[in-house]
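Inside the fold
This is what each chain is made of:
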Amino acid sequence: SFTPTVTAKVTVQSSVRNAIHFVGHRFADGGSVSHSTVNGVPRTTNMTVPLTPIPHYPEGPFIVTATGTGDPIVAGAAGETITVAAGNFTSNLVVMKKEDRLDESPQTTECTIAPDQDVTVDVIQVVAAGGGEDDVELTIQAPATAKAGSGITATFPEAFVGETYGMRLEASLPTGAPTGASQNVAAAAALPTVPLGSHAVGAGGNMPLTIPADAPAGDYYLIASTSDQQYAAWTPISILPADAGPDEGGEETGDGGEEAGDDDVAEDTETGASNLTRTGGSTFLLSGLGALTLMAGGVALVARRRIGSDL
């Protein structure tokens, strides 16, 4: 639960202000009663108006500010909302010519809400407890660099275990990011937003993520956002090009591009061993024979490949 501080500002009609000022009153204070609702349940708050100068009409409007402490508001379960709405307002002002209050005159004014007036003050989202009495700041830790196509682990405070966030890479920070943080405007024009999906914070505050293999290389921010796409936290990260795939050129060749002999390899089909026959000069073995094991039958197949010879 929390105890709200209620503030109400009322602008006194110009005709009333002019009449008060005309008879010589220059100051006002007193109290007021504010009516409101919390999830539709009526509440009343007694408020105080400090000593306030009454301006002459060329000096601007006469605004009365009242403050008070409301009754505690008890939060429900996580995911619920609390709607606070304003209601009618009673102003009990005391006007006076001087601050000595020798000629004070009480003035009571009723302010009534219009039938079609939107009186919503705030809608409060109830979230899960932060894990202690002190608030825990939502932060992200992640590697400074990662290759496209690789996996990384983003780490959150353990107070947020079980919370789900939408993750993405952006070259520019969204609205709501800390003031002064680099916006990477030039990079944002060249780099796309890279969605990483929605994930829950797991044990130890860890969240495994996979960087898409087609993510363009560049400097990004790893951004976590809530279910309503509101910015939550961020950390810089540089994406490097993906590792090059295996060489698909096919056959290997020996030094100097010399032709490979056809009759240089004798094969033992039982053991899968290969023997290189020396025919004079030095023989250069480019690679061994590969064996592919078939899990179902456990049969070893010996792959033939040419062996280049330096004759």
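Residues numbered from 1 in each chain as written. Predicted model: local features only at pLDDT ≥ 70, side-chain atom pairs only at ≥ 80, totals over all residues. Heavy atoms only, no water.

Check the secondary structure of the chain and you find two helices and 20 strands. Here the chain holds 311 residues, and 28% of them are scored as buried. Relative to all contacts within the chain whose residues are 6 or more apart in sequence, the contacts with residues 24 or more apart total 66%. Carbon and sulfur atoms form 52% of the exposed surface of the chain, whose accessible area is close to 19,500 Å². (Helix = DSSP H or I, 4+ residues; strand = E, 2+ residues; numbered from the N terminus. Buried < 20%, exposed > 50% of the residue type's maximum accessible area, 1.4 Å probe, protein only. Contact = heavy atoms within 4.5 Å. Areas by Shrake-Rupley, 256 points an atom, 1.4 Å probe, with all protein chains shown as cover.)

Here the focus is helix H1 (residues 14-22). Within H1 the residues assigned to the buried category are Arg17, Ile20 and His21. Viewed end-on, H1 has its buried residues packed into an arc of 95°, placing them on one side of the element. Exposed residues on H1 whose side chains face more than 90 degrees from its buried face are Ser15 and Phe22. Residues of H1 that are buried sit in contact with strand S1 (5-12), strand S4 (62-69) and strand S5 (81-96). Gly24, located one to two residues past H1, shows a positive phi value of around 100°. (Arc of directions from axis to C-beta.)

Attention now goes to the pattern of salt bridges. Pairs can form between side chains of opposite charge whenever their charged atoms are close. This structure, assessed with the given rule, holds two salt bridges. Notably, a salt bridge pairs Asp243 with Lys147, separated by 2.7 Å at the nearest N-O pair. One end of the pair, Asp243, is in the loop between strand S14 (231-240) and strand S15 (260-261); the other, Lys147, is in strand S8 (residues 145-147), with 96 residues separating them in the sequence. Its relative accessible area of 38% is what places Lys147 among the partly exposed residues. (Salt bridge = Lys/Arg side-chain N within 4 Å of Asp/Glu carboxyl O.)

What follows covers the sheet that holds strand S11 (residues 194-200). Pairing is mixed in the open sheet, where five strands are placed in the order S8-S14-S13-S10-S11. Looking at which strands have only one partner, the edges of the open sheet turn out to be S8 and S11. Averaged over all pairs of adjacent strands, the angle between strand axes in this sheet comes to 30°, irrespective of strand direction. Examined bridge by bridge, strand S13 (residues 218-225) and S14 share eight bridges and lie antiparallel to one another. Counted as the bridge partner of Ser225 is Tyr231 from S14. (Pairing = 2+ DSSP bridges. Axes fitted to C-alpha atoms, helices over the stretch in contact; angles between N-to-C directions.)

Before going further, it helps to spend a moment on the side chain of Ser91. Within the secondary structure layout, Ser91 lies in strand S5. If sequence neighbours within four positions are ignored, Ser91 has contacts with Gly31, Ser32, Gln107, Thr108 and Thr109.

We now examine the nonpolar core. Core analysis: the largest hydrophobic core is formed by 26 residues, its most contacted members being Phe156, Met167, Leu169, Leu222 and Ile239. Residues contacting Ile239, with those up to four places away along its chain left out, are Ala146, Ala148, Leu169, Ile211, Ala215, Pro216, Ala217, Gly218 and Tyr220. (Core = buried A, V, L, I, M, F, W, Y, C linked by side-chain atoms within 4.5 Å.)

Turning to the confidence of the model for the chain, a few remarks are in order. Looking at the chain as a whole, its pLDDT mean stands at 74, while 69% of the residues score no less than 70. Throughout residues 179-187 the model reports pLDDT below 50, and contacts reaching past four residues in sequence, or to other chains, amount to 13 contacts. Considering only residues more than four positions removed or in separate chains, one finds that residues 248-311, a stretch of pLDDT under 50, has 66 contacts. (pLDDT = per-residue confidence, 0-100.)

In this section: the environment of Arg168. Within the secondary structure, Arg168 is located in strand S10 (residues 164-170). Judged by relative accessible area, Arg168 falls into the buried class, the value being 13%. Measuring from C-alpha to C-alpha, the distance between Arg168 and Leu196 comes to 4.9 Å, with 28 residues separating the pair along the chain. Here Ser225 takes part through its side chain, which lies 3.2 Å from a polar atom of the side chain of Arg168. (Polar contact = N/O pair within 3.5 Å; in protein donor to acceptor, adjacent residues only side chain to side chain.)

What follows concerns the environment of Gly197. Among the secondary structure elements, Gly197 is positioned in strand S11. Gly197 sits 29 residues away from Arg168 along the chain, and the two C-alpha atoms are 7.1 Å apart. Those residues in contact with Gly197 that sit more than four places away from it in its chain are Tyr165, Gly166 and Met167.

Turning next to the side chain of Ser32. Mapping Ser32 onto the fold places it in strand S2 (residues 27-38). If near-sequence neighbours (up to four positions away) are discounted, Ser32 is found in contact with Thr45, Asn46, Met47, Ala66, Phe89, Thr90, Ser91 and Asn92.

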